[in-house]
Amino acid sequence: MDWNNLPWDKIFIVLTVLISGPGVIVGIVVPAIGQMVVASSGLKAIARQPEAGDRINTIVLLSLAMLESLAIYVLAVILILIFANPMLKYIISE
């Protein structure tokens, strides 16, 4: 097999798309599980101490915003890998 005659640009793009698919799934599922845990813990804490509900609510909302930003960062990285891959110029430079 002659490695120099393979279409490396097409192989690279296909591999990027195939790796990005599971990346999107992991990037959605993990923050969603984290949000579920945070919301559940917040509701349990409010049920135990209703008088601290406002403070707990603020902390829960801040935690949920942090988790959601993680999902947005994963989405941004995956979109960069698919549409504006910085490594593509090294693969196609023949």
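As the structure is a prediction and not an experimental result, all values here were calculated from the model.

Chemist: Tell me what's going on with the overall build of the chain, and back it up with residues and numbers.
Modeler: Looking only at helices and strands, the chain has three helices and zero strands in total. In terms of overall dimensions, the chain is more spread out than a globule: its C-alpha atoms have a radius of gyration of 21 Å, far above the 12 Å expected for 94 residues. Evaluated residue by residue, the chain yields a buried proportion of 15% over its 94 residues. A fraction of 78% describes how many contacts in the chain between residues 6 or more apart in sequence connect residues 24 or more apart.

Chemist: Explain helix H2 (residues 53-83) residue by residue, including any values.
Modeler: In this model, H2 (31 residues) spans 44 Å end to end at C-alpha, consistent with the 45 Å of a helix rising 1.5 Å per residue. Taken together, the buried positions of H2 are occupied by Gly53, Ile56, Val60, Leu67, Ala71 and Ile78. Where H2 is buried, its residues contact helix H1 (8-48).

Chemist: Hey, could you go over H1 for me, with residue numbers and the actual values?
Modeler: Compared with an ideal rise of 1.5 Å per residue, which puts 41 residues at 60 Å, H1 spans 59 Å between its outermost C-alpha atoms and is within 8% of the ideal. In this fold, the buried residues of H1 make contact with H2.

Chemist: Go over a nonpolar patch on the surface, please, and point to the residues and values.
Modeler: Taken together, Ile13, Val17, Leu75, Val77, Leu79, Leu81, Ile82 and Phe83 make up a surface patch of nonpolar side chains, about 710 Å² in accessible area. Sorting the residues of the nonpolar patch by element identifies H1 and H2 as the ones contributing at least two each. With six residues, H2 is the largest single contributor of residues to the nonpolar patch. Relative to the elements of secondary structure, Ile13 occurs in helix H1.

Chemist: Could you give me a rundown of the packing of H1 against H2, with the residues and numbers involved?
Modeler: One can describe the packing of H1 onto H2 by two numbers: an axis separation of 9 Å at closest approach and a directional angle of 180 degrees. Put simply, H1 runs roughly antiparallel to H2. Each residue belonging to the contact of H1 with H2 can be placed in one class, and the counts come to 15 nonpolar, nine polar and one charged.

Chemist: So, the side chain of Ser20: which residues are in play, and what are the values?
Modeler: Inspection of the secondary structure assignment puts Ser20 in helix H1. In this structure Ser20 comes out as buried when scored by relative accessible area, which is 2%. Other than its neighbours up to four places away in sequence, Ser20 contacts Ile78, Leu81 and Ile82.

Chemist: Just give me the short version of the side chain of Thr16, but keep the residues and values in it.
Modeler: Residue placement: Thr16 occurs in helix H1. Judged by relative accessible area, Thr16 falls into the buried class, the value being 12%. Contacts of Thr16, omitting those with residues within four sequence positions, involve Leu81, Ile82 and Asn85.

Definitions and limits used
Residues numbered from 1 in each chain as written. Predicted model: local features only at pLDDT ≥ 70, side-chain atom pairs only at ≥ 80, totals over all residues. Heavy atoms only, no water. Helix = DSSP H or I, 4+ residues; strand = E, 2+ residues; numbered from the N terminus. Rg over C-alpha atoms; globule rule 2.2 N^0.38 Å. Buried < 20%, exposed > 50% of the residue type's maximum accessible area, 1.4 Å probe, protein only. Contact = heavy atoms within 4.5 Å. Expected span 1.5 Å × (residues − 1). Patch = residues over 30% accessible without salt bridge, like charges linked within 9 Å, V, L, I, M, F, W, Y side chains within 5 Å. Areas by Shrake-Rupley, 256 points an atom, 1.4 Å probe, with all protein chains shown as cover. Salt bridge = Lys/Arg side-chain N within 4 Å of Asp/Glu carboxyl O. Axes fitted to C-alpha atoms, helices over the stretch in contact; angles between N-to-C directions. Parallel < 35°, antiparallel > 145°, perpendicular 65-115°, else oblique. Nonpolar A, V, L, I, M, F, W, Y, C, P; charged D, E, K, R; others polar.

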